[in-house]
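Coordinate analysis (summary)
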Amino acid sequence: MSVTAPSNATSTATITLDATGQSTKLPLLTGTLGPAVADIRKLPAELGIFTYDPAYGGTAACDSKITYIDGDEGVLLHRGYPIDQLAERATFPEVAYLLLNGELPNQAEHAAFTTELNNHTMLHEQLRHFYNGFNRNAHPMAVICGVVGALSAFYHDSLDINDRGHRELSAMRLIAKMPTIAAWTYKYTHGFPFTYPRNDLNYAENFLHMMFAMPSAPYQVSPVLSRAMDRILILHADHEQNASTSTVRLAGSTGANPFACIAAGIASLWGPAHGGANEAVLKMLGTIGSKDHIADFIAKVKDRSSGVKLMGFGHRVYKNFDPRAKIMQATCHEVLGELGIKHDPLLELAVELERIAIEDEYFVSRKLYPNVDFYSGIILKAMGIPTSMFTVLFAVARTAGWISQWKEMIEEPGQRIGRPRQIYTGAGPRDLVSMAERA
Ligand code: CMC
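Residues numbered from 1 in each chain as written. Predicted model: local features only at pLDDT ≥ 70, side-chain atom pairs only at ≥ 80, totals over all residues. Heavy atoms only, no water.

**Overview of the site of the ligand**
So the rule is basically this: Each residue is tested against the molecule or strand, and it is near if at least one of its non-hydrogen atoms lies within 4 Å. Any pair of nitrogen or oxygen atoms within 3.5 Å is treated as a polar contact; in protein, a donor-acceptor pairing is required on top of that, and neighbouring residues in sequence qualify only through side-chain atoms on both sides. Note on areas: Shrake-Rupley, 1.4 Å probe, and residue coverage restricted to the protein chains presented here. When residue character is reported, Ala, Val, Leu, Ile, Met, Phe, Trp, Tyr, Cys and Pro are called nonpolar, Asp, Glu, Lys and Arg charged, and the others, Gly included, polar.
As a structural note, the neighbourhood of the ligand is formed by 22 residues, with His274, Arg304, Leu310, Gly312 and Arg316 the closest of them. One of the backbone N or O atoms of Ala273 is found 3.0 Å from a nitrogen atom in the ligand. In the environment of the ligand, a nitrogen atom lies 2.9 Å from a nitrogen or oxygen atom belonging to the backbone of Phe313. Taking 930 Å² as the accessible area of the ligand by itself, protein coverage stands at 76%. Here the shell around the ligand is composed, by residue class, of 11 nonpolar, 6 polar and 5 charged.

Written out as structure tokens, the structure reads:
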């Protein structure tokens, strides 16, 4: 069996595995941070066995230098920088640059990066007509899935994944065009005229401008709201090898073009267990209705036969507070303050729900804490973003992470197609009988 190129991680020890009467030594790899990882790549060839890990809870599928999470401690680092420092002191374009290039930009690099982003905020005019093919009542995630996939039908000059210039151009195009695609999706599904990008505005301001400006009235972007939007984008920019990022990497491992890969990531993000959770949180709060009904709701969640989950709670990796949730909660108070909302029933309901859940034995014993989506929906709703657009916003932000992870994978020497195996539990070999003889 050809084992792929060596991992970037260092091998510090071996573990010995005995199976089928034979034994082998597996290298134990260690990265910069985090637990050691057994390199099982030679198992099928040496012992004729595979490993079984259906939801990948114990499997590292790649080496990466982009994001580190310590789920027990509630730590999230991008290229080594803690998420709270990035959210407080950087902007989304700086974070996108960091994810893509490995370092924060200096002034000249930042100026060049934002100029380049501005050069790509427009969509091909023909793509604008593509929107007309969708039902006006389509879910915005359905629309962006289609429009982003369609980018590969328009930008043929950046589809060669083996050309570094093409990869970089596609990355810039995706990050620059996502706010336009998202805002136009909102406008289309509401029957409003499209607003073109304005390159004198920063990334978050421009997004809000394209969402809310109308030809009939001037629109002034509030600095507090644009800063909150920027922070929301930072908090969603990347999150290691989650379902949608792994989807992007798997699609990309086949050599598919980056626009198609990001469309695949968007489809994966849509589910309520992943990016769709922010929308699901607001629906849940609406269903609970008032603080008086929290106890009944929690009882339903704890009754496993109900199938009801506390949306915005729990995480595959975090077994402690999601550090993004803390920042999101603080931002929520700021935004409501700026908007002059002294009492928001949804926020009050969410705070009470969180208080009750984090003291309840069911959630405590399972280490279920609020995740990034618990408070984001409340902020977005207060900013006037409709619920169906919440996951779209997540996709705008995560595009920076997806494309950085895709680029890292393509640039990895010895990169091969991703191809999991299975345990076959179906019928054994048997002979076909003619239809007349079948029972
Ligand atoms: N409400 C009630 N019970 C829960 C919840 C929840 N939100 N999350 C997990 N559990 C239970 C789960 O049923 C299991 O119970 P038991 O041990 O008795 O079988 C236990 O807690 C451990 O959970 P798990 O099955 O190991 O969790 P997972 O890693 O498979 O799933 C998750 C993680 C995020 C899909 C899940 O926690 C969930 O569905 N949460 C609600 C949806 C949500 O908020 N998603 C957003 C995640 S953060 C943003 C993102 O990644 O996109």
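From this point, the discussion proceeds with the structure in view.
**Some thoughts on the pairing of strand 5 (residues 75-78)**
Quick note on the threshold: Strands qualify as paired when DSSP identifies two bridges or more between them. In this text, helices come from DSSP runs of H or I with a minimum length of four residues, and strands from runs of E with a minimum of two, each type numbered from the N-terminal end.
In this structure, strand 4 (residues 67-70) lies alongside strand 5, joined through 4 bridges in antiparallel fashion. For Ile69, the partnering residue across the bridge sits in strand 5 and is Leu76. What sits between strand 4 and strand 5 in their antiparallel hairpin is a turn of 4 residues, with Gly74 showing a positive phi close to 70°. Joining the antiparallel neighbours strand 5 and strand 6 (residues 81-82) is a turn of 2 residues, in which Arg79 adopts a positive phi near 50°.

**Let's talk about the pattern of salt bridges**
Charged atoms that come close allow side chains of opposite charge to pair. Stated formally: Any Lys or Arg side-chain nitrogen found within 4 Å of a carboxyl oxygen on Asp or Glu counts as a salt bridge. Each residue is assigned to one of three classes by its accessible area relative to the maximum for its type, calculated with a 1.4 Å probe on protein chains only: buried under 20%, partly exposed between the two thresholds, exposed over 50%.
Summed over all chains, the structure comprises 16 salt bridges. Between Glu411 and Arg167 there is a salt bridge; the shortest N-O distance is 3.0 Å. With Glu411 in the segment after helix 18 (390-410) and Arg167 in helix 7 (residues 164-190), the pair connects residues that are 244 residues apart, well separated along the chain. Of the residues examined, Glu411 reaches a relative accessible area of 37% and is grouped as partly exposed. Ionic pairing is found between Lys283 and Glu279, a salt bridge with its closest N-O pair at 3.1 Å. Separated by 4 residues within a single helix, Lys283 and Glu279 lie in helix 12 (residues 277-288), roughly one turn from each other.

**Some remarks on the environment of Ile417**
Inclusion rule: Contact definition: two residues touch when any of their heavy atoms are within 4.5 Å.
Structurally, Ile417 can be placed in the segment after helix 18. Note: C-alpha distance between Ile417 and Leu285 (132 residues apart in sequence) is 42 Å. Aside from chain neighbours lying at most four places away, what touches Ile417 is Ser253 and Thr254.

**Things to note about the side chain of Ser404**
Along the chain, Ser404 turns up in helix 18. On the basis of relative accessible area, Ser404 is assigned to the buried category, the value being 3%. What Ser404 contacts, discounting residues up to four positions off in sequence, is Ile66, Leu99 and Leu100.

**Focus on the environment of Ser404**
C-alpha separation for the pair Ser404 and Asn101, spaced 303 residues apart in sequence, amounts to 8.1 Å. Looking at Ser404, its side chain comes within polar contact range of the main-chain oxygen of Ala400, at 2.6 Å.

**Examining the packing of helix 9 (residues 223-235) against helix 14 (residues 323-338)**
Axis angle and axis distance: for two packed helices, these are the angle between their axes and the distance between the axes, and together they describe the pair. Put simply, the test is: Convention adopted: a line fitted to C-alpha atoms gives each axis, helices being fitted over their contacting stretch, and angles between N-to-C directions are expressed from 0 to 180 degrees. Oblique is the label for every angle not falling under 35 degrees (roughly parallel), over 145 degrees (roughly antiparallel), or within 65 to 115 degrees (roughly perpendicular). Definitions for this section: a left-handed crossing has its near helix turned counterclockwise from the far helix by less than a right angle. A right-handed crossing has that turn clockwise.
Where helix 9 meets helix 14, the closest approach of the two axes is 10 Å, and the angle between their N-to-C directions is 165°. Judged by the inter-axis angle, helix 9 sits roughly antiparallel to helix 14. Note that helix 9 runs across helix 14; the crossing there is left-handed. In this structure, helix 9 contributes Val224, Leu225, Ala228, Arg231, Ile232 and Leu235 to the contact, and helix 14 contributes Arg324, Ile327, Met328, Thr331, Glu334, Val335 and Glu338. Partitioned by chemical class, the residues of the contact of helix 9 with helix 14 number 8 nonpolar, 1 polar and 4 charged.

Geometric descriptors of this kind do not, in isolation, establish any biological role.
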